[in-house]
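# Examination of the molecular architecture
Residue strings, one per chain:
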Amino acid sequence: MCQQVAKGTRWGKCGHFQRHLVVAVMDCCQTNCERSCNHPPRCPLRTCITTYGREIQQDVDLVDEFCFQCRAAQAKAAGIPLR
Ligand SMILES: [Zn+2]
Ligand SMILES: [Zn+2]
Ligand SMILES: [Zn+2]
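In this report, the structure presented in the accompanying data block is examined. (Residues numbered from 1 in each chain as written. Chains lettered and ligands numbered in written order. Predicted model: local features only at pLDDT ≥ 70, side-chain atom pairs only at ≥ 80, totals over all residues. Heavy atoms only, no water.)

## Some remarks on the coordination of the zinc ion (ligand 1)
Heads up, the rule is: For Na, K and Ca the donor cutoff is 3.2 Å, while for all other metals N, O and S atoms must lie within 2.8 Å; water is not among the atoms, so some sites may look incomplete. The geometry test gives tetrahedral to four donors whose angles all lie between 85 and 135 degrees, gives square planar to four donors and octahedral to six donors whose opposite members are over 155 degrees apart with all other angles between 65 and 115, and gives irregular to the rest. Per-residue accessibility, obtained with a 1.4 Å probe over protein chains only, is compared with the maximum for each type, and a residue is labelled buried under 20%, exposed over 50%, and partly exposed between these values.
Listed as protein donors to the zinc ion (ligand 1) are C2 (N), C2 (SG), C28 (SG) and C33 (SG); their distances from the metal cover 2.1 to 2.6 Å. For the zinc ion (ligand 1), the 4 donor atoms in the first shell make angles of 80 to 123° at the metal, so the coordination geometry reads as irregular. Mapped onto the polypeptide sequence, the residues donating to the zinc ion (ligand 1) form the spacing pattern C-x25-C-x4-C. Like C33, C28 is buried.

## Some remarks on the side chain of S36
Test applied: We count a stretch as a helix when DSSP gives it H or I for four or more residues in a row; a strand needs E for two or more, and each element gets its number in order from the N terminus. Contacts described as polar in this section are N or O atom pairs within 3.5 Å, which, within protein, must combine one atom able to donate a hydrogen with one able to accept it, while residues neighboring in sequence count only if both atoms come from side chains. Contact definition: two residues touch when any of their heavy atoms are within 4.5 Å.
Summarising the element assignment, S36 is placed in the loop between β2 (17-26) and β3 (56-63). There is a polar contact of 3.4 Å between the side chain of S36 and the backbone nitrogen of C29. Polar contacts involving the side chain of S36 include one to the main-chain amide nitrogen of N38, which spans 3.1 Å. Residues contacting S36, with those up to four places away along its chain left out, are C2, D27, C28, C29 and Q30.

## Focus on the pairing of strand β1 (residues 3-11)
The following threshold applies: Strands were regarded as paired on the criterion that DSSP finds at least two bridges between them.
Burial analysis of β1 places 7 of its 9 residues in the buried class, the great majority of the element. Adjacent in sequence and paired antiparallel, β1 and β2 are bridged by 5 residues, among which G15 carries a positive phi angle near 80°. Inspection of the sheet shows β1 paired to β3 by 7 bridges, in the parallel sense. Bridging across to β3, R10 finds its partner in L62.

## As for the pattern of salt bridges
To keep things clear, this is the line we draw: Note on definitions: salt bridges are taken to be side-chain nitrogens of Lys or Arg within 4 Å of carboxyl oxygens of Asp or Glu.
Under the definition given, this model contains 2 salt bridges. A salt bridge links D59 to R10, with the shortest nitrogen-to-oxygen separation between them at 3.2 Å. Of the two residues, D59 sits in strand β3 while R10 sits in strand β1, which places them 49 residues apart along the sequence. Overall, D59 belongs to the partly exposed group, its relative accessible area being 40%.

## Quick word on the environment of C29
Positionally, C29 belongs in the loop between β2 and β3. Considering only alpha carbons, one finds C29 and M1, 28 residues apart in sequence, at a separation of 8.3 Å. With near-sequence residues (within four places) excluded, C29 lies in contact with S36 and N38.

## Some words on the packing of aromatic side chains
Selection criterion: Think of it this way: a Phe, Tyr or Trp ring, Trp meaning its six-membered ring, pairs with another when their centres are within 6.5 Å, and the plane angle makes it stacked under 30 degrees, edge-to-face over 60, tilted otherwise.
Enumeration over the complete set of coordinates arrives at 1 aromatic pair. Here W11 and F68 contribute two aromatic rings whose centre-to-centre distance is 5.3 Å and whose plane-to-plane angle is 65°, an arrangement assigned as edge-to-face. Linking W11 in strand β1 with F68 in helix α1 (residues 68-77), this pair joins segments that are 57 residues apart in sequence. The class of W11 is buried, set by a relative accessible area of 7%.

Here it is as structure tokens:
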């Protein structure tokens, strides 16, 4: 299955990746993958792969912090109401 190449921010303290944009797609060249250039345009099969595989993450910057989701989860766990 094809993979999207994404650029984004790496959050250093939790290691999460925050995607900014998809810059490219790595084509798997399989005829049974609807995302591939090798897939027939009018394919009758219903069994073909329609989803992308695990995205390839390219870090454009590294922030030595927890990501927003992790900070929200921590705040929630600590009983701090989010506004
Ligand atoms: Zn594919
Ligand atoms: Zn197909
Ligand atoms: Zn995180």
